[in-house]
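For reference, the chains in residue letters:
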Amino acid sequence: MSTALFTNKLPFLTVIVLLINYVVVSCLRISDVSNESFVFLSSSNGIGEGNHRNNHTTMFLPLFPPKEISPPRDELSRRHLQKSPSSARMPLHDDLLLNGYYTTCLWIGTPPQRFALIVDTGSTVTYVPCSTCEQCGNHQDPKFQPEMSSTYQPVKCNVDCTCNNEREQCIYERQYAEMSSSSGVLGEDVVSFGNQSELAPQQAVFGCENLETGDLYSQHADGIMGLGRGDPSIVDQLVKKHVISDSFSLCYGGMDFGGGAMVLGGINPPSEMVFTHSDPLRSPYYNIELKGIHVAGKALNLNPQIFDGKHGTVLDSGTTYVYLPEAAFVAFKSAVMKELHSLREIEGPDPNYKDICFSGAGSDVSQLSKSFPSVDMVFSNGKKLSLTPENYLFRHSKVRGAYCFGIFQNGKDPTTLLGGIIVRNTLVSYDRENERIGFWKTNCSKLWDTLNVSSSPPPPSPPSGMDNRNSTAHMTPALAPSVPSEYYAPGEIKIGLISFAMSLSTGYSELKPRVPELAHFIAQELDVYVSQVHLMNFSTKGNDSLIRWAIFPAGSADYMSHTYTMEITSRLAGDRLHLPDTFGSYKIVKWDIEPLQKRTRWQQSYLVVVVALLVILILGLSASLGWFIWRRRQTPTPYDPLGSVETMTDEKELQPLN
């Protein structure tokens, strides 16, 4: 074989390789159905706040999505978080500074009634507004109707509770530092934790409100989910039933994205998690052993005992900001301001408060560490929790690129109170069984998807001895969706996707960069994973925008259960999505469900067959190429007379001799 013959075969091999690449890419595109998904807590119900911002319950701050939506470097893996055999995995909604709190959804009764509750480690009683309440605010969901639940029972007066004047029923009363209060009667009913929870519905005692005052009256959330220590706590009740281990975890979203995740039950903590001792006898709250604070690597000149006054250092998820004893606050403020060389101090967003604010840092949160110093919290065991600027700052609502201290002086109260801002983008594990609390910096807005890697479980069965009518425990009461009944005939049609069109009064140019943020809020409101929400198309008409979305099955599931579909469509039919006002007004103009498309045996295995054919083709080409090379090396070059040398090659590299 001549060199020219071998060279002429290269274009043929190139074509084959390009053809193989085209077929592989085409197959992968066919197998991945439009996977264009997008990712994304204010009443201060805590204890012991000082005089500053006690009544300032809502900070209307703009939220800007990051320029890129990409997995964080330390995003959780299945190996990092191994769920306990029984746990309630629940998404967190809202935003810490936009609303002042984080909420999660809880369903109570048979049939279930949905409530958005503030997750509060500083409270023990879980309570919702009752239909008998004469002074309850206008909240997110309708009041609880005991008469509509077949499993509701009032908690009768006994020696372990405070009784009403008639000595017939147990009552509760709660007052908070910002002068809000809640009171009502205690009842017992079935409590469900959502579609993504593997924990079955449980009987639990909760408060049925008859009176609200202050921030509790005016807030958008329905009530409180008590996660504190004590018998009324939802955690204590579940632990005593032996359905979860004695621990729970919270993960609050960061400055640009709200939401997050909560797990009732144990997790396998990451190796990088920093723990500190939490003494349950120190106070009725969740204490940590804080002994020092470093700013820009330098320790504040403080006596460690300053963080041990009164209740000590308390971690309270129901409080928005951080409140330090006077000496600690003065030292912290001075140390931080010494590190601010290129920033200018400006007035705060609210003239009623003397906020400490600075401009000139820019709007990119990821670059804040270039303008503001790092802060470390040092525990008694020598371990340190490193904080980023978003853990002690909040955005100025009136000046772009300006930020304010989210740490204040706690009046004359010597308690150190750590609110939600200090643990933004931090997984906090309340390991009550081992009397410790752990911290791990991560991206909490993406943690929910990581926790929920499995497909959506079927509706759990009611506990033994309960009314079988609770088999629909995860269906939210709403207007019956106008869907052909054949879609819901068991065993006949499987739901492949739910599509809906949404009209918004926001222009295309303003709305387009916020589509990832909008997709995240839709996932929260429909109680689905963010990865299930897919953008189908985007159009505009005048000053309005029209977006078509699709909800696909979770994880590796091929279809959605009828109950799961009914819950999603009932929210769409009842127009029950609550989006931030920054998106303008909206309306669901059309929605539909599509059955799972039946595939032939060939369609189900086409990718395997194509890959097998490609492997055979590549092996065949490799064998042929190898054979040609081997033949060329084995074939001797024939001897030709000198006079015929020009016939050896077409390139005429050799010239005839004279």
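Residues numbered from 1 in each chain as written. Predicted model: local features only at pLDDT ≥ 70, side-chain atom pairs only at ≥ 80, totals over all residues. Heavy atoms only, no water.

1. Points about helix H9 (residues 515–526)
- Under the 1.5 Å per step criterion, the end-to-end length of H9 is 16 Å for 12 residues, consistent within 8% with the ideal 16 Å.
- Among the residues of H9, those classed as buried are Val515, Pro516, Glu517, Leu518, Ala519, His520, Phe521, Ile522, Ala523, Gln524, Glu525 and Leu526. (Helix = DSSP H or I, 4+ residues; strand = E, 2+ residues; numbered from the N terminus. Expected span 1.5 Å × (residues − 1). Buried < 20%, exposed > 50% of the residue type's maximum accessible area, 1.4 Å probe, protein only.)

2. Description of the nonpolar core
- Among the nonpolar cores identified, the biggest contains 91 residues, and Leu227, Leu264, Phe332 and Phe372 are the most heavily contacted of them.
- For this core, the element with the highest residue contribution is helix H6 (residues 326–338), accounting for five residues.
- Apart from the residues lying within four places of it in its own chain, the contact partners of leucine 264 are Ser86, Ser87, Ala88, Met90, Phe193, Met225, Leu227, Val235, Leu238, Ile244, Ser247 and Phe248.
- The next biggest cluster of nonpolar side chains, apart from the first, holds 31 residues, and it includes Phe521, Ala523, Val530 and Leu577. (Core = buried A, V, L, I, M, F, W, Y, C linked by side-chain atoms within 4.5 Å. Contact = heavy atoms within 4.5 Å.)

3. Brief notes about the sheet that holds strand E11 (residues 248–252)
- A sheet is described by the order of its strands in space; here six strands give the open sequence E1-E12-E11-E27-E28-E13, paired in antiparallel fashion. In this open sheet, the two strands that pair with only one neighbour each are strand E1 (88–92) and strand E13 (274–277). Taken pair by pair, the neighbouring strands of this sheet meet at an average axis angle of 15 degrees, ignoring direction. (Pairing = 2+ DSSP bridges. Axes fitted to C-alpha atoms, helices over the stretch in contact; angles between N-to-C directions.)

4. Some remarks on the UniProt feature "active site" (unreviewed entry) in the chain
- Per the UniProt record, "active site" (unreviewed entry) is annotated on Asp120 and Asp316. The named residues occupy 197 residues along the chain; their greatest pairwise C-alpha distance, 6.9 Å, places them in one compact cluster.
- Mapping aspartate 120 onto the fold places it in strand E3 (residues 113–120).
- Exposure remark for aspartate 120: the relative accessible area of 0% places this residue in the buried category.
- Mapping aspartate 316 onto the fold places it in the loop between strand E17 (313–315) and strand E18 (322–324).
- Looking at aspartate 316, its side chain comes within polar contact range of the main-chain nitrogen of glycine 122, at 3.2 Å. (UniProt positions renumbered as here; feature names shortened; annotations may be inferred. Polar contact = N/O pair within 3.5 Å; in protein donor to acceptor, adjacent residues only side chain to side chain.)

5. As for the state of the cysteines
- If you walk through the whole model with that rule in mind, you get six disulfides.
- The disulfide bridge from cysteine 157 ends at cysteine 163, spanning 1.9 Å between sulfur atoms. Taking the sign of the S-S torsion, 90 degrees for the link of cysteine 157 and cysteine 163, the bridge is right-handed.
- The partly exposed category is assigned to cysteine 157, whose relative accessible area is 24%.
- For cysteine 163, a relative accessible area of 11% gives the class buried. (Disulfide = S-S within 2.5 Å.)

6. Focus on unusual backbone geometry
- Between threonine 110 and proline 111 the backbone carries a cis peptide bond, its omega angle lying at -5 degrees.
- Relative to the helices and strands, proline 111 is located in the loop between strand E2 (103–108) and E3.
- The backbone phi angle of arginine 167 is positive, close to 55 degrees, even though this residue is not glycine.
- Looking at the element boundaries, arginine 167 is found in the loop between strand E6 (162–163) and strand E7 (170–175).
- Accessibility expressed as a relative area gives 57% for arginine 167, which makes it exposed.
- The phi angle at asparagine 425 is positive, at roughly 55 degrees, despite the residue not being glycine.
- Relative to the assigned elements, asparagine 425 resides in the loop between strand E26 (416–418) and strand E27 (426–431).

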